[in-house]
Amino acid sequence: MNDIFSNPVLAKALPEAIVETLQMVGISGFFTVLVGLPLGVFLHATAPGGLRPMPVVNRIVSDIVVNITRSIPFAILMVALIPLARLLVGTSLGPVAASVSLSIGTIPFFARLVEACLRDVHHGKIDAAQVMGSTRMQVINKVMLPESLPALVAAATTTVVTLVGYSAMAGLVGGGGLGKLAYNYGFQRFDVTVMLVTIVLIIVLVQVIQLTGEWISRSLDHR
């Protein structure tokens, strides 16, 4: 414990690294849900047997956009998207720039989870809503999304936990945060104390996110 409190790196750089990690996870998590949720709804609705089957469009979006993006290792994707980040936010360094790659890397992942959640909604409830004259949007907004809300919260929790891990990798290429701190000081300078503290903080952050998400999901599940 004395090494932790007396370590100058932890005293000066750790608070900023924590803020940068939270910033990356917060920004990318927001845009991942904002874009990934409607994308997942679209994938489900346009699939064969969906509310509005569009096999060709569904295949293009599913196989080309979603699957190819998910197939690229995040470290490679992050480096490839540096020019895009520079174009969008004016810089390729820092947590805001890293959020561009984090969002693009996790949107397809979350969209697939949303699609799976919607697929589990009982077809009887959807058929009942359609028999009563509900439009497609009404079926989605008033039946499918509310019925799958606990599962969607669990999917969002899983995605945010994944973002924490991705944010650590983003630190290796200028994204900042705990990953940068662990690499620059814990690995390159062989500071075991810094490495252990950053690992523990990442574990704690993941546990807090997971437990919070599980609590919210259980609170919304009235089955």
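Calculation notes
Residues numbered from 1 in each chain as written. Predicted model: local features only at pLDDT ≥ 70, side-chain atom pairs only at ≥ 80, totals over all residues. Heavy atoms only, no water. Helix = DSSP H or I, 4+ residues; strand = E, 2+ residues; numbered from the N terminus. Contact = heavy atoms within 4.5 Å. pLDDT = per-residue confidence, 0-100. Salt bridge = Lys/Arg side-chain N within 4 Å of Asp/Glu carboxyl O. Buried < 20%, exposed > 50% of the residue type's maximum accessible area, 1.4 Å probe, protein only. Phe/Tyr/Trp six-rings, centres within 6.5 Å; stacked < 30°, edge-to-face > 60°.

Q: Report on the side chain of Thr159, specifying residues and quantitative values.
A: Turning to its location among the elements, Thr159 is positioned in helix H9 (residues 149-170). Residue contacts for Thr159: discarding those within four places in its chain leaves Thr32, Thr106, Phe109, Phe110 and Leu113.

Q: Hey, could you go over the confidence of the model for the protein for me, with residue numbers and the actual values?
A: Close inspection of predicted coordinates is inappropriate for parts of the model with low pLDDT. A residue-level look at the protein finds 95% of positions with pLDDT of 70 or above and a mean pLDDT of 87. Element-level pLDDT for the protein is lowest in helix H1 (residues 2-6), with a mean of 57, against a maximum mean of 93 in H9.

Q: Provide a residue-level description of the pattern of salt bridges, including the pertinent values.
A: In total, this model carries four salt bridges according to the counting rule given. The partner of Arg59 in a salt bridge is Asp63, with the nearest N and O atoms 3.1 Å apart. Note that Arg59 and Asp63 are positioned in helix H3 (residues 55-71) at a spacing of four residues, about one turn of the helix. With relative accessibility at 52%, the residue Arg59 sits in the exposed group. The residue Glu115 makes a salt bridge to Arg119 at a minimum N-O spacing of 3.3 Å. You can see Glu115 and its partner Arg119 sitting in helix H6 (residues 95-119), four residues apart, about one turn around the helix. For Glu115, a relative accessible area of 8% translates into the label buried. The exposure class assigned to Arg119 is partly exposed, which follows from its relative accessible area of 47%.

Q: Which residues make up the environment of Pro48, and what values go with them?
A: Inspection of the secondary structure assignment puts Pro48 in the loop between helix H2 (8-46) and H3. Look at Pro48 and you get exposed, because its relative accessible area is 66%.

Q: Got a sec to walk through the packing of aromatic side chains? Specific residues and values, please.
A: By the definition in use, this model includes two aromatic pairs. Ring plane angle 80° and centroid distance 5.2 Å describe the contact between Phe30 and Phe31, whose orientation is recorded as edge-to-face. The interplanar angle of 0° and the centroid separation of 4.3 Å between the aromatic rings of Phe74 and Tyr166 together place this pair among those described as stacked. Of this pair, Phe74 sits in helix H4 (residues 74-80) while Tyr166 sits in helix H9; the two residues are 92 residues apart in sequence, bridging distant segments of the chain. By relative accessible area, Phe74 is classed as buried at 7%.

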